[in-house]
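An overview of the molecular structure
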Amino acid sequence: MKYFYLLFALMLLSCKEEVEVVNIRVNHFKPMGFGIPNHLIFQVQYPENFGTDDWQNFSSEISGFDFEWGNVYELKIEKRPIENPPQDASSVDYKLREVVSKTQVGEEETFQILLKSTLNGVTDLQQMTSDSTYFFSYDVNILCGSLCEEISSAFMIKDEIVGLFKHVDGSTIALLELQVD
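Because the structure is predicted, anything quoted here is derived from the model rather than measured.

Here we look at the nonpolar core
- Of all hydrophobic cores here, the largest spans 34 residues; its most connected members are Val26, Ile62, Phe65, Trp69, Leu75 and Ile113.
- Considering every element that reaches this core, the biggest residue donor is helix H2 (residues 148-157), with 4 residues.
- Here Trp69 is in contact with His28, Phe29, Lys30, Leu40, Phe111, Ile113, Asp139, Val140, His167, Asp169, Gly170 and Ile173, once residues within four sequence places are set aside.

A few points about the pattern of salt bridges
- Applying the stated criterion to the full structure yields 4 salt bridges.
- A salt bridge links Glu20 to Lys79; the nearest nitrogen and oxygen atoms lie 3.9 Å apart. One end of the pair, Glu20, is in strand E1 (residues 20-26); the other, Lys79, is in strand E7 (residues 71-81), with 59 residues separating them in the sequence.
- As a salt-bridge pair, Arg80 and Glu78 come within 2.8 Å of each other at their nearest N and O atoms.
- A residue is classified by how much of its surface remains accessible, and Arg80, at 21% relative accessible area, is partly exposed.
- When its relative accessible area of 10% is taken as the criterion, Glu78 is described as buried.

A short note on the pairing of strand E15 (residues 172-180)
- The pairing of strand E13 (residues 140-143) with E15 spans 3 bridges and is parallel. Paired with Asn141 across the two strands is Thr172, which belongs to E15.
- Relative to E15, strand E14 (residues 160-169) runs antiparallel, the two sharing 8 bridges. Bridge pairing in E15 links Lys166 to Ala174.
- Between the end of E14 and the start of E15, which pair antiparallel, lie 2 residues.

Notes on the packing of aromatic side chains
- Applying the stated rule across the entire model yields 11 aromatic pairs.
- An angle of 45° between the planes, with centres 6.5 Å apart, marks the rings of Phe42 and Phe58 as tilted. Here Phe42 is found in strand E4 (residues 42-45), whereas its partner Phe58 is found in strand E5 (residues 56-58), with 16 residues between them in sequence.
- Among the residues examined, Phe42 registers a relative accessible area of 5% and is labelled buried.
- For Phe58, a relative accessible area of 7% gives the class buried.
- The ring centre of Phe50 lies 5.9 Å from the NZ or CZ of Arg25, which sits over that ring.

Here we look at the side chain of Ser60
- Mapped onto the secondary structure, Ser60 falls in the loop between E5 and strand E6 (62-63).
- Look at Ser60 and you get buried, because its relative accessible area is 16%.
- Dropping the residues within four chain positions of it, Ser60 is found in contact with Phe42, Ser90 and Tyr94.

Re the environment of Phe111
- Structurally, Phe111 is set in strand E9 (residues 110-117).
- Once the C-alpha coordinates of Phe111 and Phe29 are considered, the two residues, 82 residues apart in sequence, prove to be 7.8 Å apart.
- For Phe111, the residues in contact, after removing those within four places along its chain, are His28, Phe29, Trp69, Gly163, Leu164, Phe165, Lys166, His167 and Ile173.

Some thoughts on the side chain of Asn27
- If you trace the backbone, Asn27 turns up in the loop between E1 and strand E2 (32-33).
- Sequence-distant contacts of Asn27, defined by excluding residues within four places in its chain, comprise Gln43, Trp55, Phe67, Asn71 and Val72.

Description of the sheet that holds E4
- Within the open sheet, the 6 strands sit side by side as E5-E4-E1-E7-E8-E6. Their pairing is mixed. The open sheet has two edge strands with one neighbour each: E5 and E6.
- Taken together, the 7 bridges between E1 and E7 define a ladder with antiparallel strand orientation. By the bridge assignment, Ile24 is partnered in E7 with Leu75.

Analysis parameters
Residues numbered from 1 in each chain as written. Predicted model: local features only at pLDDT ≥ 70, side-chain atom pairs only at ≥ 80, totals over all residues. Heavy atoms only, no water. Core = buried A, V, L, I, M, F, W, Y, C linked by side-chain atoms within 4.5 Å. Buried < 20%, exposed > 50% of the residue type's maximum accessible area, 1.4 Å probe, protein only. Helix = DSSP H or I, 4+ residues; strand = E, 2+ residues; numbered from the N terminus. Contact = heavy atoms within 4.5 Å. Salt bridge = Lys/Arg side-chain N within 4 Å of Asp/Glu carboxyl O. Pairing = 2+ DSSP bridges. Phe/Tyr/Trp six-rings, centres within 6.5 Å; stacked < 30°, edge-to-face > 60°. Lys NZ or Arg CZ within 6 Å of the ring centre and 35° of its normal.

Keep in mind these numbers describe shape, not what the thing actually does.
Shown next as C-alpha cells:
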C-alpha cells in the first residue's frame, strides 16, 4: 500500500504546472502593435531595465490586470506555458498576481504613437459619430480638437503618421500634433 501512495505522490508532482513568477513594469501608454488585426499593446520592462528608457513591446494580455492610461505599473505576474497554443498565439499565459505599485505620470508627460505606416498598415483608429472624438478599438478616446480634419485628410494621402499625445484621464488622451511623412 505504501508503494501506491508513493506512486500517487509522484504522479501529482509530475502533473504540477510550471509556473514562473516575475516582476514587470508596464508603461503609461500603449503603442500600436501591427499584425492581423493591428492593435494596441503593452510596453514592459523587466527588473534589469527598471528606470531606464528601454521598453519592450508585449502583445499578450495579462488576465486580471485592468490597465488605466497615464499610470506606470509594477506588477507581479505568473507565467504558465500553454500546451498546443493556437497558431500565431502566445505559448505563455500571463496572470496578474499583484499590483506592486501604480504611479500616475505628470500632466506634462507626452508620448508618441505611430498611427499609420505603409510598411505596417493602418491602425484601427475610428471616428465617433456623435462628435469629433476618435478612439482606438474602444481602448482609449482621443481628443483631437482642431486636428480632427487634419487626421482625416492625412490618412488619405500620407504614408506615415505619428501622433504626439498627452494624458487627459485614465481613458482619454489628447492629440497635440501630427507628424506626417
